[in-house]
Amino acid sequence: LRRIDENGNSSLLSTSSAGSTAGYKALLSNEPHNSSAEALVPSEICFIEKSEVRTLLAENPILGERFLQRSLADLDEIENSYSRSLTLNLRSRFLHLLMVYYDQSGYLDEDDQPSVGIPISRTDLSQILGIKPESLSRMIKKVQDEGLVKINDRHVTFTNLEEALFEAGITL
């Protein structure tokens, strides 16, 4: 999801994965959309008109309850993300973000190394982390030099997954 401010500046707010729902906040609050969505990888997208959703909600109260549960789960994730931004250092936040992408679409490469393709640019990564692109570049070089990951363009291979998980604050 991307938001454009009154000055035309675009900011990436979040990325979503298979099964995600977008637009329900505007639907439930009866407010206009203030963000846009774009598919970063080939995707199948289902669009349902507002009037149809309202009819479905009126006919099926359980669906409304599920929308509420979904929005509360999203709010919980936003609060967790905010908390991480306050409590984790930048390196840990960066590794945590890589782990989120790995959790969504990671795989073992031809050498049986955990790997993931990152669907966004380094500029967008730096926006999500709240840093300048050059600071992200320095951090990438450092974690690569220390043997945690190998990053080539938008492809990440975890060369020391256990340490990356530990530094990201993730326990299994």
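Please read these numbers as outputs of a predicted model, since none were measured by experiment.

A. Structural view of the overall build of the chain. Helix and strand counts for the chain stand at seven helices and six strands. The N-to-C order of helical and strand elements in the chain reads β-β-α-α-α-α-β-β-α-α-β-β-α. The proportion of buried residues among the 172 residues of the chain is 26%. Across the chain, contacts joining residues at least 24 apart in sequence account for 54% of those joining residues at least 6 apart. Where the 17 positive side-chain charges of the chain centre and where its 26 negative ones centre are 6 Å apart.

B. Main features of the packing of aromatic side chains. What the rule picks out here adds up to one aromatic pair. The interplanar angle of 70° and the centroid separation of 5.5 Å between the aromatic rings of Y102 and F158 together place this pair among those described as edge-to-face. In this pair, Y102 sits in helix 4 (residues 90-105) while F158 sits in strand 6 (residues 155-158), placing the two residues 56 residues apart along the sequence.

C. A look at the nonpolar core. Among the nonpolar cores identified, the biggest contains 25 residues, and F94, I118, L136, V156 and F158 are the most heavily contacted of them. For this core, the secondary structure elements donating two or more residues are helix 4, helix 5 (122-129), helix 6 (133-145), strand 5 (149-152), strand 6 and helix 7 (161-167). Among residues more than four places away in sequence, those in contact with I118 are L98, Y101, L125, R154 and V156. In terms of nonpolar packing, the next biggest core, distinct from the first, is built from five residues, Y24, V53, L57 and F67 among them.

D. Inspection of the pattern of salt bridges at higher detail. One pass over the full model with this rule turns up three salt bridges. Across the salt bridge formed by R91 and E146, the nearest N and O atoms sit 2.4 Å from each other. Highlighted residues: R91 in helix 4 and E146 in the loop between helix 6 and strand 5, separated in sequence by 55 residues. Notably, a salt bridge pairs R91 with E167, separated by 2.4 Å at the nearest N-O pair.

Scoring rules and cut-offs
Residues numbered from 1 in each chain as written. Predicted model: local features only at pLDDT ≥ 70, side-chain atom pairs only at ≥ 80, totals over all residues. Heavy atoms only, no water. Helix = DSSP H or I, 4+ residues; strand = E, 2+ residues; numbered from the N terminus. Buried < 20%, exposed > 50% of the residue type's maximum accessible area, 1.4 Å probe, protein only. Contact = heavy atoms within 4.5 Å. Lys, Arg positive; Asp, Glu negative; His and termini not counted. Charge placed at Lys NZ, Arg CZ, Asp CG, Glu CD. Phe/Tyr/Trp six-rings, centres within 6.5 Å; stacked < 30°, edge-to-face > 60°. Core = buried A, V, L, I, M, F, W, Y, C linked by side-chain atoms within 4.5 Å. Salt bridge = Lys/Arg side-chain N within 4 Å of Asp/Glu carboxyl O.

All we've got here are geometric facts, nothing functional implied.
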